[in-house]
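An overview of the molecular structure
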Amino acid sequence: MSRRGQAEPASGWNRVISLPSVQVWLHLVFSTRNREALLQSDPFREEMFRMLCQQVQECGCIPQFAGGSVDHVHLVCGLSRTVTIAKLVDHVKTETARWAHTAHGLSGFAWQSGYGVFSVSQSRLDQVIDYVAAQENYHRWQSYQEEFRELCEKHTIEIDERTAWD
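Here's what I pulled together on the structure shown here. None of the values given here were measured: they were computed from a predicted structure.

**Quick word on the pairing of strand β3 (residues 72-79)**
- Counting buried positions along β3 yields eight of eight residues, so the element is predominantly enclosed.
- Across eight bridges, strand β1 (residues 24-31) lies against β3 in antiparallel orientation. Paired with tryptophan 25 across the two strands is glycine 78, which belongs to β3.
- Across six bridges, strand β2 (residues 62-68) lies against β3 in antiparallel orientation.

Laid out in structure tokens, this is it:
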């Protein structure tokens, strides 16, 4: 028995006391409302990518990379153990839309209500970042919707076409 009156762990079990550590990488994808080409301006788009990363960091998560095209964004980040995916996405979308309204006078700027989120293994993190970095070239021949369908299929996620694009 231990000093606290608890049974000692069974032999062969290593008792390790440490702070919780979590390494969960996410690939988030969402578009502008109605897939409007609101990110056409290169300076605005690059600034939006920085703002997306800043908002991820404000949630206590780890921003790794942001990229995208004229009508959608991809965000690669590490999830904090204290934040849900839904809260992270809501915060990032709300604050970046607010920033677009106030800093750039884009009162009509909005994100779609939905999003896609895909888990990323540590061993494939660099490949996903490279994929996100190549978005402009990639979308010369494929639409956001085609790309999103492909990502969902690759991750065996069924999507409802009636509601996926709102």
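Right, picking up where we left off after that structure.
**Observations regarding the packing of helix α1 (residues 42-58) against helix α2 (residues 85-104)**
- Packing of α1 against α2 brings their axes to within 9 Å, and their N-to-C directions diverge by 135 degrees. For the element pair α1 / α2, the angle class is oblique. Like other packed secondary-structure pairs, α1 and α2 cross with a definite hand, here right-handed. Listed contacts from α2 to Phe44, Glu47, Met48, Met51, Leu52, Gln55, Val56 and Glu58 of α1 are Leu88, His91, Val92, Glu95, Thr96, Trp99, Ala100 and His104.
- When the residues that make up the contact of α1 with α2 are grouped by side-chain class, the tally is nine nonpolar, four polar and three charged.

**What about the layout of surface pockets?**
- Of the volumes computed, that of the largest pocket is approximately 290 Å³.
- Lining the largest pocket are 14 residues, with Arg124, Val128, Leu151, Lys154 and His155 positioned closest to its centre.
- When residues of the lining of the largest pocket are traced back to their parent elements, those giving at least two are β4 (116-120), α3 (125-133) and α5 (144-154).
- Of the residues forming the lining of the largest pocket, the biggest block, four residues, is contributed by α5.
- Considered class by class, the residues forming the lining of the largest pocket number five nonpolar, five polar and four charged.

**With respect to the sheet that holds β4**
- In spatial order, the strands read β2-β3-β1-β4; together these four strands make up an open sheet with antiparallel pairing. For this open sheet the edge positions go to β2 and β4, each flanked by a neighbour on one side alone. Averaged over neighbouring strand pairs, the angle between their axes works out to 20 degrees when direction is ignored.
- Together, β1, β2 and β3 form the strand contacts of α1, whose direction differs from that of β2 by roughly 155 degrees.
- Across the sheet, α3 is in contact with β1, β2, β3 and β4; its angle to β2 comes to roughly 35 degrees.

Each value, and the rule that gives it
- Residues numbered from 1 in each chain as written.
- Predicted model: local features only at pLDDT ≥ 70, side-chain atom pairs only at ≥ 80, totals over all residues.
- Heavy atoms only, no water.
- Buried < 20%, exposed > 50% of the residue type's maximum accessible area, 1.4 Å probe, protein only.
- Helix = DSSP H or I, 4+ residues; strand = E, 2+ residues; numbered from the N terminus.
- Pairing = 2+ DSSP bridges.
- Axes fitted to C-alpha atoms, helices over the stretch in contact; angles between N-to-C directions.
- Parallel < 35°, antiparallel > 145°, perpendicular 65-115°, else oblique.
- Left-handed = near helix turned anticlockwise from the far one by under 90°.
- Contact = heavy atoms within 4.5 Å.
- Nonpolar A, V, L, I, M, F, W, Y, C, P; charged D, E, K, R; others polar.
- 1 Å grid on protein atoms, 1.4 Å probe; cavity = no way out; pocket = protein on both sides within 12 Å on 5 of 7 lines; lining within 4 Å.
- Points joined across faces, edges and corners; volume = space filled by probe spheres on them.

So, to be careful, I would describe these as geometric facts and stop short of saying anything about function.
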